[in-house]
Amino acid sequence: MVFVSRAATPSHCIRHDTIFRHSFDGSNVRRRPCFAVSPSSWDSAKKGWRGRSMIVAASPPTEDAVVAAEPLTKKDLVDYLASGCKTKDKWRIGTEHEKFGFEFGSLRPMKYEQIAELLNGIAERFEWEKIMEGDKIIGLKQGKQSISLEPGGQFELSGAPLETLHQTCAEVNSHLYQVKAVAEEMGIGFLGIGFQPKWGIKDIPIMPKGRYDIMRNYMPKVGSLGLDMMFRTCTVQVNLDFSSEADMIRKFRAGLALQPIATALFANSPFTEGKPNGFVSMRSQIWTDTDKERTGMLPFVFDDSFGFEQYVDYALDVPMYFVYRKKKYVDCTGMTFRDFLAGKLPCLPGELPTLNDWENHLTTIFPEVRLKRYLEMRGADGGPWRRLCALPALWVGLLYDDVSLQNILDMTADWTPEERQMLRNKLGANLCPHALLVDSRDIIWDLEKEISVSVTLVPITGLKTPFRDGLLKHVAEEVLQLARDGLERRGFKETGFLNEVAEVVRTGITPAEKLLELYHGKWGQSVDHVFEELLY
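Quantities reported herein were computed from a predicted structural model and do not represent experimental measurements. (Residues numbered from 1 in each chain as written. Predicted model: local features only at pLDDT ≥ 70, side-chain atom pairs only at ≥ 80, totals over all residues. Heavy atoms only, no water.)

A. Spatial organisation of the overall build of the chain. Check the secondary structure of the chain and you find 18 helices and 27 strands. Sorting the 536 residues of the chain into buried and exposed places 59% on the buried side. Surface exposure of the chain reaches about 22,300 Å², of which carbon and sulfur atoms provide 52%. (Helix = DSSP H or I, 4+ residues; strand = E, 2+ residues; numbered from the N terminus. Buried < 20%, exposed > 50% of the residue type's maximum accessible area, 1.4 Å probe, protein only. Areas by Shrake-Rupley, 256 points an atom, 1.4 Å probe, with all protein chains shown as cover.)

B. Expanded view of the environment of D528. Mapping D528 onto the fold places it in the loop between α17 (511-520) and α18 (530-533). In this structure the C-alpha to C-alpha distance between D528 and G274, which are 254 residues apart in sequence, comes to 7.7 Å. In this view, D528 contacts L107 and K198; residues no more than four positions away in its chain are not counted. (Contact = heavy atoms within 4.5 Å.)

C. Local environment of the pairing of strand β13 (residues 155-158). Where burial is concerned, the two faces of β13 agree: the one with F155 and L157 and the one with E156 and S158 are both buried. Note that strand β9 (residues 93-103) and β13 share four bridges and pair antiparallel. Across the sheet, H97 pairs through a bridge with L157, a residue of β13. Summarising the sheet, strand β12 (residues 145-149) and β13 pair through four bridges and their orientation is antiparallel. Paired with S148 across the bridge in β13 is E156. A loop of five residues connects β12 with β13, the two strands running antiparallel in sequence, and G153 in this loop sits at a positive phi of about 85 degrees. (Pairing = 2+ DSSP bridges.)

D. Broad picture of the state of the cysteines. Applying the stated rule across the entire model yields two disulfides. Here C332 connects covalently by a disulfide to C347, the sulfurs 2.0 Å from one another. Handedness here is read from the sign of the S-S torsion; for C332 and C347, about 90 degrees, the answer is right-handed. Taken together, the positions of C332 in the loop between β20 (328-331) and α10 (337-341) and C347 in the loop between α10 and α11 (355-362) put the pair 15 residues apart, joining distant regions of the chain. Assessed through its relative accessible area of 0%, C332 is described here as buried. (Disulfide = S-S within 2.5 Å.)

E. Layout of the packing of helix α12 (residues 385-399) against helix α15 (residues 472-490). At their nearest, the axes of α12 and α15 sit 7 Å apart, and the two run at 75 degrees to each other. By the criterion of interaxial angle, the relationship of α12 to α15 is roughly perpendicular. Between α12 and α15, the contacting residues are A393, L394, V396, G397 and L398 on the first element and V479, L482, A483, G486, L487 and R490 on the second. When grouped by side-chain class, the residues that make up the contact of α12 with α15 number eight nonpolar, two polar and one charged. (Axes fitted to C-alpha atoms, helices over the stretch in contact; angles between N-to-C directions. Parallel < 35°, antiparallel > 145°, perpendicular 65-115°, else oblique. Nonpolar A, V, L, I, M, F, W, Y, C, P; charged D, E, K, R; others polar.)

F. Structural context of the pattern of salt bridges. Applying the stated criterion across every chain yields a total of 34 salt bridges. Between R283 and D381 there is a salt bridge, and its shortest N-O distance comes to 2.5 Å. Of this pair, R283 sits in helix α8 (residues 282-287) while D381 sits in strand β23 (residues 375-381), and the two are 98 residues apart along the sequence. For R283, a relative accessible area of 2% corresponds to the buried category. By relative accessible area, D381 is classed as buried at 2%. The residue R489 makes a salt bridge to D401 at a minimum N-O spacing of 2.8 Å. With a gap of 88 residues between them, R489 in helix α15 and D401 in the loop between α12 and α13 (402-412) connect regions that are remote in the sequence. Judged by its relative accessible area of 44%, R489 falls in the partly exposed class. The exposure class of D401 is buried, given its relative accessible area of 9%. (Salt bridge = Lys/Arg side-chain N within 4 Å of Asp/Glu carboxyl O.)

G. Local environment of the packing of aromatic side chains. Applying the stated criterion to the full structure yields 20 aromatic pairs. When the ring of F242 is compared with that of F308, the centres are 5.9 Å apart and the planes differ by 50 degrees; the resulting orientation is tilted. Taken as a pair, F242 in the loop between β15 (235-240) and α7 (245-265) and F308 in helix α9 (residues 308-317) lie far apart in primary sequence, 66 residues in all. As far as the burial class goes, F242 and F308 line up, both buried. (Phe/Tyr/Trp six-rings, centres within 6.5 Å; stacked < 30°, edge-to-face > 60°.)

Here you go:
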């Protein structure tokens, strides 16, 4: 494929190997197409400097400077994913986490004006570049780290690709220090939890980002909980590399099979609008009715034919949200990238896509494990800082060690699609928040209704979910040991980061269940106390 510039100024065509944007570890992922880069694009970027802070355009900024002279093919899309392959010495760990900002005193969510003040304060005090959409600040960038805003103002750090978990945890600590240094002066705190525990959607501010307007209008057409996903959830995820298509397949399958266990271990969202909501992970439950065409457990990943091409086929038929043109988001909801590839997109008739369009489209697909040029483990609730370090530790120990990865694949090889889906539905979600596990003749006290009830069966939840000949707790124990062994073999003394998870596995009690115990006990059924309990 040949790329040419629209600009009238002279271009420099590099006829040898060139690169794709945003390589996960920052290394040059080489291919053979010809890029033409206009010097004027570099000049305009330089003019963004303001003192020590640089102002950059909202991503993606390059679609006007570089366009395809030849149409993209399906092979180009497959090659894009395959370009993520890298040798083991270049594998990195990228951690992303979201958190809820709130006002001390009122506990109300931060307004956009407060978020803008916070972003400007962090930029000026700690030398971050400002990311703008029009005249609105919507994020920050510093090296390979970025801070962005989710639809309801959830504050997200997308960390740099790092070599060790020690570096990852240090990055989290540094970020939280910087955010708190500015936020506390404003009377703002941040909460580490998976779902907004107190406020309804009507109370949540809407961020001034064009893509979110399109999503907000589309979500109610395809699911009943999509707006809750946008405005009231927070997650922590880790992004991990692969060496080849075969390695990607192995890690994808292991990640999908065990994602429900990670959901249970990190389950931390049992409240909605001030009351128990019936789930240990409301965030996980929300994904079950957000948009079935772009979410879920992707059973085709376990087909013998699966590879990069099969994921491309899946993504080509996932309905689009938008295309970014002339610094505006064009509503293309319900249309497919397959039509776009053929020049048949109704919202942009006759226009053909770029790799930027493909890259953007991949970010709008939300399965439990997502493939880009790396793999994203997406099943965990947001939580306090120790858990932000534990989540990447769990997956690095399991997926970056060949022995542990093979053991996971052997363990899960005969799990059926129905069993994997059952775990997805039950392990992170089902919970009767008022019941305690008791003998069938016992009496339990329903704290919500303040009546005693006789029961013969009490719902078993989280790690107590029955699975085959035992409980999921027993599977989690084996998984934890494999993660610990994998970290030991890495040789970086990283096993201590699993301590938060080890406590959950040892007791079988999820973080959400501990919060419910506090709610029904010393909190006096007031959810307000969670803002102190889980304050960063």
